[in-house]
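A look at the structure
Residue-level listing of the chains:
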Amino acid sequence: MSVLSALSYGFGIALQPWNLLSCFIGVFIGTLVGVLPGIGPAGAMSLLLPVTFGMSPVTGIIMLAGIYYGTMYGGSTTSILVNIPGEAASIVTCLDGYQMALKGRAGPALGIAAFGSFIAGTGCIIGLIFMTNALAGVALVFGPAEYFSLMVLGLSLVTYLTQGSILRGLVMAGVGLFLSQIGQDVVTGQTRFSFGLRGLIDGVGLVPVIMGLFGISEVLLNIEKLGEHRTMMKTTFRQLFPTWKDWRKSAAPIGRGTIIGFFLGILPGGGALISSFVSYAAEKWFSKHPEKFGKGAIEGVAGPESANNAASTSGFIPLFSLGIPSNVIMALLLGALMIHGLKPGPLMITERPDVFWGTVASMYVGNVMLLMLNLPLIGLWVQVLKVPYRTLFPLILLFCFIGAYSISANAFDLYVMLIFSALGYVLRKKNYECAPLVLAFVLGPMMEKNLRQALILFDGNLSVFVTRPLSLAALVISVLLLLTAVIPFVQKRRREVIAEED
Amino acid sequence: MVEKKRGISEGILWIVVGGVICILSLQYGLGSFRAPAPGFVAFLSGILVGGIGAIMILSQSLSMSRAKETTPGGGQAISAVPWGRLTYTMAFLIAYAILMDPVGYIVSTFLAMFGLFFDWKKKNWFWSGFFSITVSLSSYVVFEVWLRCQLPHGIFPWW
């Protein structure tokens, strides 16, 4: 099947009424989640995961994917209007977006964020089609040693790119790896570390873990700040369209943001947050007037907003082609695909073209929906933002409870979620990042399977990991990354970057 | 100095955690490189956690000898946390988790929402009650009736 005919096949699936509806629900909820501080895409996707059980796999995945890229769109609204990022990837948009709003230019800032996101999202879908196909072809020759080493590289990158200390990131990865071992052994079927609890026989559930670490712990952190006043900017639909001058200034940043976001999104750990920061730094570097950044430069909104949308799309490439998630959201999607009986990896494109091409085409449809939703509905999102957090947080907690319970209709998952929410609260207070823990938790069973398969296949010969070129390259890069992080100069730079991000 | 001591205690904590993981893993056997047993990867994770804990202590001890050098991001002191509000919220969440199965979704959600919506300063009894009833009934309709999520029926088996 040629790419064009495959894409038209994908559109045929994406435009089916149920899939259109699920795409709309996904992007709508995604935008809402992006607008509301306190619940991220991981929490929202976990909540709606049980809802997808009754749907066909493609319909369910279309909805979950829609939530993710919808969040990126919605996150910019709060950054610009309230100076509070609805989503971590929109932190950098606060710098110039809010300044533009203070100068009475909230409309063009919101407009360029929406248009830039649409252009970047669309561009990246084209890249995703070609790159996934190419990578899937190469991945067919990978053995267990290569897969294991690639996963080690993925974890190393995520740890390296965490905002805090690398040592803390590594500890989190170790804890996540251990947690993934709870439950049945992938090779012998023996139950491990269940401590006689029936609820642990199948292991710790991904959704309660994510809900606890990212959903409830976030609420616990936010309720400390109950009663803080938010200043809101007023804007009308007429003011939303950027002027010709704005477009001229924003064209190159949108293009650069798309490219930066696309490539950083593919890298494990790269994701939307980092690409938005890199794009901002790049725009400041390219600008003839870097002194205007932070004071309301439209390039500082156009670039990062394009980059975070591009990254959220290209993050699907390693998931679909290798079956390796590049961040927590992709880890959740991997879990969702597996629950639906699908096995993401190089064979998925040929075995389940409906899921792959249907999801890809739905992303384009979703981007069009988001553009149509975001501009006219700004007024609605502003109203939503006016809901006080005191009223909002019980609802977020309720959604977390429903999401965790309805996965297996078992109260045990609620206890697991509460344990992880307390753990997540303490860890985040102490500047430990939860992303390496979750990624190691998801990758753990796959890493174990591939490690043990490689050792059994090669008669316990550890050299298999260093004699195969790709495996060697992945391991060398991992070691170098972790070693460079302890070099004083690199440590100093990382601290500076973290301080800037804070 | 306090920061460094905190770093050392952090390292000790992770060594203990790593040690416990290793001991637990040994119960399931490590096997050999030719045939790794179920405890093999868990043991490696324990080594990683404990090893990093040891590196944390080492790096903190080394930096202790260097004057005025600070480590980034020690985190917020737990003593600075508004414990009252947190304990109150967590207590309601724990009670909600315990009650959900035996009492059922609607009643347990009403009780939990009432507690969470209630503002001790404003004593908003009426609005807390109104919001709690609205939220528990509407969420039941959306998730149980429309989306067919399996929520517990508890003392009202016909719901």
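The shown structure was predicted, so the numbers you read here are calculated from the model rather than taken from an experiment.

Moving on to the overall build of chain A. The helix and strand inventory of chain A stands at 23 helices and two strands. What you see for chain A is a C-alpha radius of gyration of 22 Å, in line with the 23 Å of a compact globule of 502 residues. With respect to the three principal axes, the spread of C-alpha positions in chain A is 70 × 55 × 45 Å. A buried classification covers 60% of the 502 residues belonging to chain A.

For chain B, the helix and strand inventory stands at five helices and zero strands. A burial count over chain B gives 29% of its 159 residues as buried. Once local pairs closer than 6 in sequence are excluded, the contacts in chain B between residues at least 24 apart make up 59%.

What follows deals with the domain arrangement of chain B. In many reports, interface size means the accessible area that the parts give up when they come together. If you check the domain split of chain B, you get domain 1 (2-65) and domain 2 (81-146). Relative to domain 2 of chain B, the C-alpha centre of domain 1 of chain B lies at a distance of 40 Å.

Residues and elements named next belong to chain A. Taking 1.5 Å of rise per residue, the 12 residues of helix H14 (residues 328-339) would be expected to cover 16 Å, and the 17 Å separating its terminal C-alpha atoms lies within 8% of that figure. Turning to H14, its buried residues are Val-328, Ile-329, Met-330, Ala-331, Leu-332, Leu-333, Leu-334, Ala-336 and Leu-337. Residues of H14 that are buried in the fold lie against helix H3 (41-48), helix H4 (57-82), helix H9 (206-222), helix H13 (316-322) and helix H20 (435-457). In the stretch just after H14, Gly-341 is the one whose phi turns positive, near 80°.

Our focus in this paragraph is unusual backbone geometry. Most peptide bonds take the trans form, and the phi angle of most residues other than glycine is negative. Residue and element names in this part refer to chain A. Despite not being glycine, Phe-193 has its phi angle at roughly 50°, a positive value. Mapped onto the elements of the fold, Phe-193 is located in the loop between strand E2 (191-192) and H9. Backbone geometry at Phe-195 places phi at a positive 50°, although glycine is not the residue there. Its 7 C-beta neighbours within 10 Å are what place Phe-195 among the exposed residues.

Moving on, we get to the confidence of the model for chain B. Residue and element names in this part refer to chain B. Of all residues in chain B, 85% have pLDDT values of 70 or greater, and the mean over the chain is 84. For chain B, helix H2 (residues 40-65) is the element with the lowest average pLDDT, namely 88, and helix H4 (residues 105-117) is the one with the highest, namely 93. Predicted confidence is poor over residues 67-72, with pLDDT under 50, and the contacts of this stretch with residues over four places away or in other chains come to eight contacts. We note a pTM of 0.82 for the whole complex and an ipTM of 0.89 for its interfaces.

Confidence in the prediction of chain A, expressed as mean pLDDT, is 84, and 91% of residues score 70 or more. Element-level mean pLDDT values for chain A span from 59 in helix H23 (residues 488-501) of chain A up to 94 in helix H19 (residues 412-429) of chain A.

Here we come to the packing of H14 of chain A against H20 of chain A. Residues and elements named next belong to chain A. Their axes nearest at 9 Å, the elements H14 and H20 cross at an angle of 25°. The angle between H14 and H20 places the two elements in the roughly parallel class. Here H14 and H20 pass one another in a crossing that is left-handed. Contact with H14, carried on its side by Val-328, Ala-331, Leu-334 and Gly-335, involves Ala-435, Val-438, Leu-439 and Val-442 of H20 and no other residues of that element. The residue makeup of the contact of H14 with H20, split by class, is seven nonpolar, one polar and no charged.

Attention shifts here to the packing of H4 of chain A against helix H6 (residues 106-139) of chain A. Residue and element names in this part refer to chain A. Viewed as axis vectors pointing N to C, H4 and H6 meet at an angle of 160°, and their least axial separation amounts to 10 Å. In terms of orientation, H4 and H6 fall into the roughly antiparallel class. Here the hand of the crossing between H4 and H6 comes out right-handed. Across the interface between the two elements, Tyr-69, Met-72, Tyr-73, Ser-76, Thr-77, Ile-80 and Leu-81 of H4 pack against Ala-106, Ala-109, Leu-110, Ala-113, Ala-114, Ser-117 and Gly-121 of H6.

In this assembly, 48 residues from chain B lie in contact with 48 residues from chain A. Contributions of two or more residues to the side of chain B that touches chain A are made by helix H1 (2-27), H2, helix H3 (83-103), H4 and helix H5 (125-146) of chain B.

Quick look at helix H8 (residues 166-181) of chain A now. With 16 residues, H8 of chain A should reach 22 Å at 1.5 Å per residue; the first-to-last C-alpha distance of 23 Å fits that figure. In terms of burial, H8 of chain A is largely enclosed, as 16 of its 16 residues are buried.

Thresholds applied
- Residues numbered from 1 in each chain as written.
- Chains lettered and ligands numbered in written order.
- Predicted model: local features only at pLDDT ≥ 70, side-chain atom pairs only at ≥ 80, totals over all residues.
- Helix = DSSP H or I, 4+ residues; strand = E, 2+ residues; numbered from the N terminus.
- Rg over C-alpha atoms; globule rule 2.2 N^0.38 Å.
- Buried ≥ 20, exposed ≤ 12 C-beta atoms within 10 Å, placed from the backbone.
- Contact = placed C-beta atoms within 7 Å.
- Domains from an automatic or database assignment.
- Expected span 1.5 Å × (residues − 1).
- pLDDT = per-residue confidence, 0-100.
- Axes fitted to C-alpha atoms, helices over the stretch in contact; angles between N-to-C directions.
- Parallel < 35°, antiparallel > 145°, perpendicular 65-115°, else oblique.
- Left-handed = near helix turned anticlockwise from the far one by under 90°.
- Nonpolar A, V, L, I, M, F, W, Y, C, P; charged D, E, K, R; others polar.

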